[in-house]
Amino acid sequence: KAKDCVIASNRCALYTNCGVEVNNSTSNLIINNEVSSNSVAGIHLHSGSGFNSIISNNIHGTNQGVGIRIGPLTTYNWILTNVITGHTGNGVEILSGTNTFIRNVVANNGGSGITNVMSGCYYSGNIISNNAKWNIYSESAVGVFASNDYGRRDWTGKRLGGVAAYDPWANRFG
């Protein structure tokens with residue numbers, strides 16, 4: 001199993017699959033890349049990969065599908081200061097819990113801005129707006145949502161199934 005891989009300062013575009021795929025590797029650093037116009041996803045941490053990885057300062061745009069996908073059993077990752085816009089699908093899909101999502105811009109995607117199906121993720125300081133479906137779609141997931149800006153979609157921009165721990169006074173809706 002690979003470990004401590006660095007993927008930095010690349011232009012990952014026009015691939016018939018994903019721009020960056022991490023499979024069977026942990027403690028990775030994916031930083032300062034331009035990831036656009038790929039057929040499936042921009043960045044994909046596959047099931048069980050990416051434990052304790054950092055995805056930071058990347059520009060994701062116009063991928064045919066999702067911008068960033070965090071696969072099942074892929075936990076303790078940090079998604080920081082990325083720009084994730086213009087994808088035909090969701091901006092971000094999180095299929096595993098206990099990930100941290102801070103200071104990202106997720107806007108103008110064809111699906112939801114962020115889709116989260118597992119519990120334990122933390123979201124803070126993000127701008128999540130103008131996505132075609134939900135800005136945040138969380139199906140039966142418990143998470144912490146603090147100091148996020150949901151743009152002009154008002155309360156309808158955030159659908160939370162189950163129980164969610166969040167502070168509505170620190171978040172901005174509209």
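Below is a short write-up of the structure. Just so we're clear, the structure is a prediction, and the values are computed from it rather than from any experiment.

Concerning the sheet that holds strand β3 (residues 11-13)
Right, on to step 1. Pairing within the open sheet is parallel, and its six strands lie in the order β3-β7-β10-β13-β16-β19. Only two strands of the sheet have a single partner each, and these edge strands are β3 and β19 (127-129). Taken pair by pair, the neighbouring strands of this sheet meet at an average axis angle of 5°, ignoring direction.
Right, on to step 2. In this structure, strand β7 (residues 34-36) lies alongside strand β10 (residues 59-61), joined through three bridges in parallel fashion. In the sheet register, E34 faces β10, and the bridge partner there is I59.

Some words on the pattern of salt bridges
Right, on to step 1. One pass over the full model with this rule turns up two salt bridges.
Right, on to step 2. Note that R11 is salt-bridged to E34, the shortest N-O span being 3.4 Å. Of the two residues, R11 sits in strand β3 while E34 sits in strand β7, which places them 23 residues apart along the sequence.
Right, on to step 3. Since its relative accessible area comes to 33%, E34 is described here as partly exposed.
Right, on to step 4. A salt bridge links R69 to E93; the shortest N-O distance between them is 2.8 Å. Of this pair, R69 sits in strand β11 (residues 66-70) while E93 sits in strand β14 (residues 92-94); the two residues are 24 residues apart in sequence, bridging distant segments of the chain.

What about the environment of S36?
Right, on to step 1. Counting through the fold element by element, S36 comes out in strand β7.
Right, on to step 2. Along the sequence, S36 and N63 sit 27 residues apart, while their C-alpha atoms lie 5.4 Å from each other.
Right, on to step 3. If we ignore the near neighbours within four places in the chain, the residues touching S36 are R11, C12, A13, L14, G61, T62 and N63.

Overview of the nonpolar core
Right, on to step 1. Counting residues in each nonpolar core, the largest one holds 23 residues, and the members touching the most others are I55, I68, V92, F101 and I114.
Right, on to step 2. Counting residues per element, the ones that place at least two in this core are β4 (18-22), β8 (41-45), β11, β14 and β18 (121-124).
Right, on to step 3. Setting aside chain neighbours within four positions, we find I55 in contact with I30, I43, L45, I68, I70, W78, I79, L80 and N82.

About the criteria used
- Residues numbered from 1 in each chain as written.
- Predicted model: local features only at pLDDT ≥ 70, side-chain atom pairs only at ≥ 80, totals over all residues.
- Heavy atoms only, no water.
- Pairing = 2+ DSSP bridges.
- Helix = DSSP H or I, 4+ residues; strand = E, 2+ residues; numbered from the N terminus.
- Axes fitted to C-alpha atoms, helices over the stretch in contact; angles between N-to-C directions.
- Salt bridge = Lys/Arg side-chain N within 4 Å of Asp/Glu carboxyl O.
- Buried < 20%, exposed > 50% of the residue type's maximum accessible area, 1.4 Å probe, protein only.
- Contact = heavy atoms within 4.5 Å.
- Core = buried A, V, L, I, M, F, W, Y, C linked by side-chain atoms within 4.5 Å.

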